[in-house]
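Understanding the architecture of this molecule
Here are the chains, one letter per residue:
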Amino acid sequence: MNLNRREFSALAGATLLSHALPKLNAQASDRRIGYCIVGLGRISMDHFMPAVKQSNQSKITGIVSGHPDKARKMAAQYGVPESSIYTYENCDEMRNNKAIDAVYIALPNNMHSEYTIRAARAGKHVLCEKPMATSVADARAMIDACKQADVKLLIAYRCQYEPTNLRAIELIRQGKLGTVQAIESANGFNIRAGEWRLNKKMAGGGPLLDVGVYSLNACRYLTGEEPVEVKAYSSVIDHDGRFDQVEENTSWTMKFPSGILASCNTTYGASMDGCYRVHGSKGVLEVQSAFGYQGQHLKAEFGDKTSIDEPNPAKDPSHFVRMGDYFSNCILKNETPKTAGEEGLRDMEWMSRIYESCGLSL
């Protein structure tokens, strides 16, 4: 991580004892960061764009889409002038649009690298959805391009800005669980035939890159450590044509420097309510719906017979409001984001290792 683990712990402890959405407007300036939306899909139209509408730090000032009618409709809804609507072919022209400070990239995985690099060369900061890319080489190229252009790059690990996940980190860092011994995590869903995520070229891989990355990233931020060893397996059980190009299931274990062992599962063949459970010498902590857009619920039991039961009432798109406002503040204050490109690169490197252990490749 760009933010070191001690700093990350301090951030969690200092800001997240409440589930209320914070006001991240401690700016001397009233200026809002203008975002150009690159790709009008479900995550951008149903989550990120509505979040920006709720924000006092950000606004939508541009759109890139291959669907003119959809682009004009969304532009009218968000007050974007027609002159700030671009196609994928001419989006480099946004370099001349002073209303656009940053881009939000919500494209298929294999397009993340190209459009991050193009945005950087146009002088725009980049908020890119996860997984960061479909190869380690592309992830490194994205980082290099943003550094050369002196623009910021944030990978959309929204759980690292979400109160319940940060509350879990806080409890672990405070020693409430004693010495952490093991972590279990799972995340998956039953995918429909025909989804682009089943296309190896577009997705880069199967459920690991799409939803398994949440468990991988969670084990890293919960332990505050980087793995030293990984072993993995993959399988296809449903031979119904969906998994001709990508795996259906991936399971892996990780060993961390402290000795903590983590066991993770991800699938495209069954519903898994994204969750994790952390076992320590003085207690156990679990978060249900840990990775969803809403519905997080933390429970913990400690050796002194005390317990915690904290459902989070915040509703979608609150995660995207927090993450977008955080990035806008990083831009305004000229600060490096804690989930910068290096964070995405580390997950790409570990997912490459997981696939290698399975006898597969990115």
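This part covers the side chain of serine 289. Along the polypeptide, serine 289 turns up in the loop between β12 (283–288) and β13 (297–302). Judged by its relative accessible area of 18%, serine 289 falls in the buried class. A polar contact is formed between the side chain of serine 289 and the side chain of aspartate 273, at a distance of 3.1 Å. Contacts of serine 289, omitting those with residues within four sequence positions, involve Asp273, Gly274, Gln294, Gly295 and Gln296.

With that settled, the discussion passes to the sheet that holds strand β9 (residues 249–255). Spatially, the eight strands line up as an open sheet ordered β8-β9-β10-β7-β11-β12-β13-β14, and their pairing is mixed. The open sheet has two edge strands, β8 (229–235) and β14 (307–311), and neither has a second partner. Between one strand axis and the next, the sheet turns through 10° on average, direction left out of account. With respect to the sheet, helix α8 (residues 207–223) is in contact with β7 (180–190), β9, β10 (261–267) and β11 (269–280), its orientation differing from that of β7 by roughly 160°. Helix α10 (residues 341–358) contacts β8 and β9 of the sheet and is inclined by roughly 60° relative to β8.

Let us now look at the nonpolar core. Residues Leu222, Tyr276 and Leu285 are the most contacted members of the largest nonpolar core, which totals 73 residues. Tallying contributions element by element places α8 first for this core, with nine residues. Setting aside residues up to four positions removed in sequence, tyrosine 276 forms contacts with Asn165, Ala168, Glu184, Ser185, Ala218, Tyr221, Leu222, Leu285, Glu286, Val287, Ala290 and Phe291. Formed by 29 residues, the second largest nonpolar core is a distinct cluster that contains Val80, Leu127, Leu154 and Tyr161.

Cis peptide bonds are those with omega within 30 degrees of zero, and the linkage from lysine 130 to proline 131 qualifies with -5°. Mapped onto the secondary structure, proline 131 falls in the loop between β5 (125–128) and α5 (136–149). For the bond running from aspartate 316 to proline 317, omega is 15°, close enough to zero to count as cis. Mapped onto the elements, proline 317 comes out in the loop between β14 and α9 (318–333). If you check the backbone angles, aspartate 150 has positive phi at about 60° while not being a glycine.

Working definition: two side chains of opposite charge can pair if their charged atoms are close together. Applying the stated criterion to the full structure yields 20 salt bridges. Ionic pairing is found between aspartate 238 and arginine 242, a salt bridge with its closest N-O pair at 3.5 Å. Here aspartate 238 falls in the partly exposed class, since its relative accessible area comes to 29%. For arginine 277, the salt bridge goes to glutamate 286, with nearest N and O atoms at 2.9 Å. The network of salt bridges with common partners includes Arg42, Arg192, Glu195, Arg197 and Asp210.

In the contact formed by helix α6 (residues 163–173) and α8, the axes pass within 9 Å of each other and the chain directions differ by 40°. Here Asn165, Ala168, Ile169, Ile172 and Arg173 of α6 lie close against α8, whose contacting residues are Tyr221, Leu222 and Thr223. Along the lines of polarity and charge, the residues of the contact of α6 with α8 split into five nonpolar, two polar and one charged.

It is worth spelling out the sheet that holds strand β3 (residues 85–86) at this point. Taken in spatial order, the six strands of this open sheet run β3-β2-β1-β4-β5-β6, and their pairing is parallel. The open sheet has two edge strands with one neighbour each: β3 and β6 (153–155). Bridge count between strand β2 (residues 58–64) and β3: two bridges; the pairing is parallel. Residue pairing for β3: isoleucine 63 is matched across the bridge by isoleucine 85.

With that settled, the discussion passes to the environment of asparagine 265. Looking at where asparagine 265 falls in the secondary structure, it is placed in strand β10. A residue is classified by how much of its surface remains accessible, and asparagine 265, at 30% relative accessible area, is partly exposed. Separated by 52 residues in sequence, asparagine 265 and valine 213 place their C-alpha atoms 10 Å apart.

Attention now moves to the environment of alanine 300. You can see alanine 300 is positioned in strand β13. Note on alanine 300: relative accessible area 2%, which makes it buried. Taking C-alpha positions, alanine 300 is 8.7 Å from valine 287, a pair spaced 13 residues apart along the chain. Those residues in contact with alanine 300, other than ones at most four positions away along the chain, are Val284, Leu285, Thr306, Ser307 and Ile308.

How each quantity is defined
Residues numbered from 1 in each chain as written. Predicted model: local features only at pLDDT ≥ 70, side-chain atom pairs only at ≥ 80, totals over all residues. Heavy atoms only, no water. Helix = DSSP H or I, 4+ residues; strand = E, 2+ residues; numbered from the N terminus. Buried < 20%, exposed > 50% of the residue type's maximum accessible area, 1.4 Å probe, protein only. Polar contact = N/O pair within 3.5 Å; in protein donor to acceptor, adjacent residues only side chain to side chain. Contact = heavy atoms within 4.5 Å. Pairing = 2+ DSSP bridges. Axes fitted to C-alpha atoms, helices over the stretch in contact; angles between N-to-C directions. Core = buried A, V, L, I, M, F, W, Y, C linked by side-chain atoms within 4.5 Å. Salt bridge = Lys/Arg side-chain N within 4 Å of Asp/Glu carboxyl O. Nonpolar A, V, L, I, M, F, W, Y, C, P; charged D, E, K, R; others polar.

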